[in-house]
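# Results of the structural survey
Here is how the chains run, residue by residue.
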Amino acid sequence: MAVFGAAVLVALAVTCGLIWLRSRRLSKEMRDIPGTMGWPVIGETFSFISGFSSPAGILSFMRDRQRRFGKVFKTYVLGRMTVFMTGREAAKILLSGKDGVVSLNLFYTGKQVLGPTSLLTTNGDEHKKLRRLIGEPLSIDALKKYFGFINDLAVQTLDTWLDRRVLVLEEASSVIIKLFTLKVIANMLISLEPEGEEQEKFRANFKFISSSFASLPLKIPGTAFHRGLKARNRMYAMLDSVIAGRRDGGEVRNDFLQTLLRKHAKDGAAADEDGGGGGDRDADKLTDAQLKDNILTLLVAGHDTTTAGLTWLIKFLGENPEALQKLREEHMEIKERLDGSSHLRWSDVMNETLRRATILPWFSRKAAQDFSIDGYEIKKGTSVNLDVVSIHHDPSVFADPYKFDPNRFDETLKPYSFLGFGSGPRMCPGMSLARLEICVFIHHLVCRYSTPAGSQEIKQQQLLRGKVTRNSYFSGKSDKEQQPRSIAQIFRSLKHDHSRAVTRHGTIQEATQQQQLRKGQGQWNNNQVAKPIRVTKKHYARQQWPSHAKPHMID
Ligand code: HEM
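These figures come from a predicted structure and were not determined experimentally.

Conventions adopted
Residues numbered from 1 in each chain as written. Predicted model: local features only at pLDDT ≥ 70, side-chain atom pairs only at ≥ 80, totals over all residues. Heavy atoms only, no water. pLDDT = per-residue confidence, 0-100. Contact = heavy atoms within 4.5 Å. Donors = N, O, S within 2.8 Å, 3.2 Å for Na, K, Ca; no water. Helix = DSSP H or I, 4+ residues; strand = E, 2+ residues; numbered from the N terminus. Salt bridge = Lys/Arg side-chain N within 4 Å of Asp/Glu carboxyl O. Buried < 20%, exposed > 50% of the residue type's maximum accessible area, 1.4 Å probe, protein only. Near = heavy atom within 4 Å. Polar contact = N/O pair within 3.5 Å; in protein donor to acceptor, adjacent residues only side chain to side chain. Pairing = 2+ DSSP bridges. Axes fitted to C-alpha atoms, helices over the stretch in contact; angles between N-to-C directions. Core = buried A, V, L, I, M, F, W, Y, C linked by side-chain atoms within 4.5 Å. Phe/Tyr/Trp six-rings, centres within 6.5 Å; stacked < 30°, edge-to-face > 60°. Lys NZ or Arg CZ within 6 Å of the ring centre and 35° of its normal.

The subject of this paragraph is the confidence of the model for the protein. Confidence in the prediction for the protein averages 74 pLDDT; 71% of positions are at 70 or higher. Below pLDDT 50 for its whole length, residues 339-345 participates in 10 contacts with residues either more than four positions away or in separate chains. Long-range and interchain partners of residues 451-555, a stretch whose pLDDT sits below 50, account for 238 contacts in this model, where long-range means more than four residues apart.

Let us look at the coordination of the iron atom of the ligand. Exactly one donor from the protein chain reaches the iron atom of the ligand: Cys 428 (SG), at 2.3 Å. Tracing the sequence through the fold places Cys 428 in the loop between helix H16 (388-392) and helix H17 (431-448).

Looking now at the pattern of salt bridges. Applying the stated rule across the entire model yields 17 salt bridges. Arg 68 is paired through a salt bridge with Asp 64; the nearest N and O atoms lie 3.1 Å apart. Pair noted here: Arg 68 and Asp 64 are both in helix H3 (residues 58-69), with a separation of four residues, about one helical turn. Assessed through its relative accessible area of 48%, Arg 68 is described here as partly exposed. Across the pair Asp 293 and Arg 232 runs a salt bridge, and its minimum N-O distance is 3.2 Å. Highlighted residues: Asp 293 in helix H13 (residues 288-319) and Arg 232 in helix H11 (residues 224-247), separated in sequence by 61 residues. Like Arg 232, Asp 293 is buried.

In the vicinity of the ligand there are 25 residues, among which His 127, Arg 131, Arg 365, Arg 426 and Cys 428 approach most closely. His 127 has a polar side-chain atom sitting 2.6 Å from an oxygen atom of the ligand. At a separation of 2.9 Å, an oxygen atom of the ligand approaches a polar side-chain atom of Arg 131. Of all the secondary-structure elements, those providing two or more residues to the shell around the ligand are helix H6 (124-135), H13, strand S4 (362-367) and H17. Ranked by residue count, the leading element in the shell around the ligand is H13, at six residues.

Here Pro 401 is to be found in the loop between H16 and H17. Taking relative accessible area as the criterion, Pro 401 reaches 9% and is therefore assigned buried. Between the alpha carbons of Pro 401 and Arg 356 there is a distance of 8.1 Å; along the sequence they are 45 residues apart. Those residues in contact with Pro 401, other than ones at most four positions away along the chain, are Arg 355, Arg 356, His 393, Pro 395 and Arg 408.

This paragraph deals with the sheet that holds S4. Read across the open sheet, the five strands follow the order S1-S2-S7-S4-S3; overall the sheet is mixed. Looking at strand neighbours, the two that pair on one side only are strand S1 (72-77) and strand S3 (102-104), the edges of this open sheet. When the angles between neighbouring strand axes are averaged without regard to direction, this sheet yields 35°. Sheet topology note: the S3/S4 ladder contains three bridges and is antiparallel.

A few words now on the nonpolar core. One finds Trp 161, Phe 180, Leu 189, Met 235, Phe 256, Phe 441 and Ile 442 to be the most contacted residues of the largest nonpolar core, which totals 80 residues. For this core, the element with the highest residue contribution is H13, accounting for 13 residues. Each residue touching Phe 441, except ones within four places of it in the same chain, is listed here: Ala 154, Thr 157, Leu 158, Trp 161, Ile 176, Phe 180, Leu 310 and Ile 314. Counting 25 residues, the second-largest nonpolar core is a separate cluster that includes Met 30, Leu 95, Val 384 and Leu 386.

Our focus in this paragraph is the packing of aromatic side chains. Scanning the model with the defined rule gives 12 aromatic pairs in all. Three or more aromatic residues joined by ring pairs make a cluster, and in this case those are Phe 48, Phe 61, Phe 73, Phe 84 and Trp 362. Its end group placed over the ring of Phe 61, Arg 65 keeps NZ or CZ at 3.9 Å from the ring centre. Over the ring of Phe 398 we find Arg 355; its NZ or CZ atom is 4.9 Å from the centre of that ring.

Listed below in structure tokens is the structure:
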């Protein structure tokens, strides 16, 4: 076993060394681009991680280098020579997709887990075709039918907080993921029931898949990558059986999978794994392999991001009572009008959250051809990253950029200045679903947890008294016993806890990435997003908290 371990370590060291040498050669070829490669093999990875972990987040790493080298600089981080660039002009070149200048740059582990026909592993015409075929069931109109399910689940999830005296932001995030975002997306894609054995199996497999995405590329039993691939196989077996059930005519559901199965059946029959045999007409149909790869892709890309968006939104609202009050007034009005068929219209607060939090801090691409930017030549094959955090905090576009000010979205923004959902051919196809989920959740949050009129000072008894049940909410009853809960109190504790987390570890996202590094899972994918840090019942019982997630007792 020890010999085997040593052999793996030697192989890893040799691979890292070779990658480093290749990167040095590339760096020499691009000697005009300012920047530093840092230490041999490690490069600037430690500064990158420590910048990431600072209160200012990745912005501190970027700002420091932008001051020294300018808007385009090279560095060696996370096992790659990479060129960071920022600004609206760079965004236009990298995101507009014009002339196929760049392609998406996913880590090896991500590619293997998501499969060769995922939206995230394809480029060019193949990618364009997939976007077209998959995008339709994610349009606003197509999503209307999920409103009822999302609405019920939001209410149920919020019910779990009703009797709490303490809410830790990381825990809130974990509840949101477990009870809301993951269930919404699994139900919307394949009608997975929110409770039961199948849901449990699905969640367990999904957890392995999620963590393998950002692991070391070792396909050895016991490693996160190996576990992830195994879980992927189990997930695909489950999808195969669901697909077979639908085709046998046993089950007809009103979900994403059914829409695609109906649309992409070959002459009324099933599409084959090979995707061939049907002539030109079938070139525009999805194969089963494409269907499965992309269901998994939507799951992976769709639930962590939405969870992070919701968590940050809760944090910012807690810190900005004025915005919270305005939002509450707006949503109380919506609530008056809500008759099951109205839609929620609200976006500024969410856009401002996505600007300040910048859930995907940089977008990773690979130069598909030589191109120039700001007078610098970028060679084909170079890893290039668009630093979105700096764009979102550019004072020439966003005055007082660190202020949480939803009103700034009342003005028309300059092109490529807000990239919360990206832009161009890779713009987020799940944007409408994410907006719907967040909007419905926040609607119930601000309507049900209230600050007593005219007072920001909430008494503990008010917080603990009474319970707003789902029925009483929908029946419109609002007697004192049913409206006493204070969102301000909860937010105050969230703010307290999160400011600690931010001070010690940067952001929720970074804290998680650090955890993964500590666990030896090494590198992460650039597109990785926030994961909850678990605070379990045991922690409460023993009063032992993960150091960055100590809860604040309200009383
Ligand atoms: C608040 C929630 C979300 C945020 C902030 C977000 C953000 C983004 C951003 C910035 C991109 C572009 C990345 C790039 O250009 O490299 C993207 C792409 C993507 N998103 Fe989202 N997203 C969210 C929710 C969702 C949901 C709910 C889904 C699935 C239903 C989803 C699926 C995807 C996919 C598949 C891509 C890749 C598209 C492609 O490469 O063509 N996202 N997302």
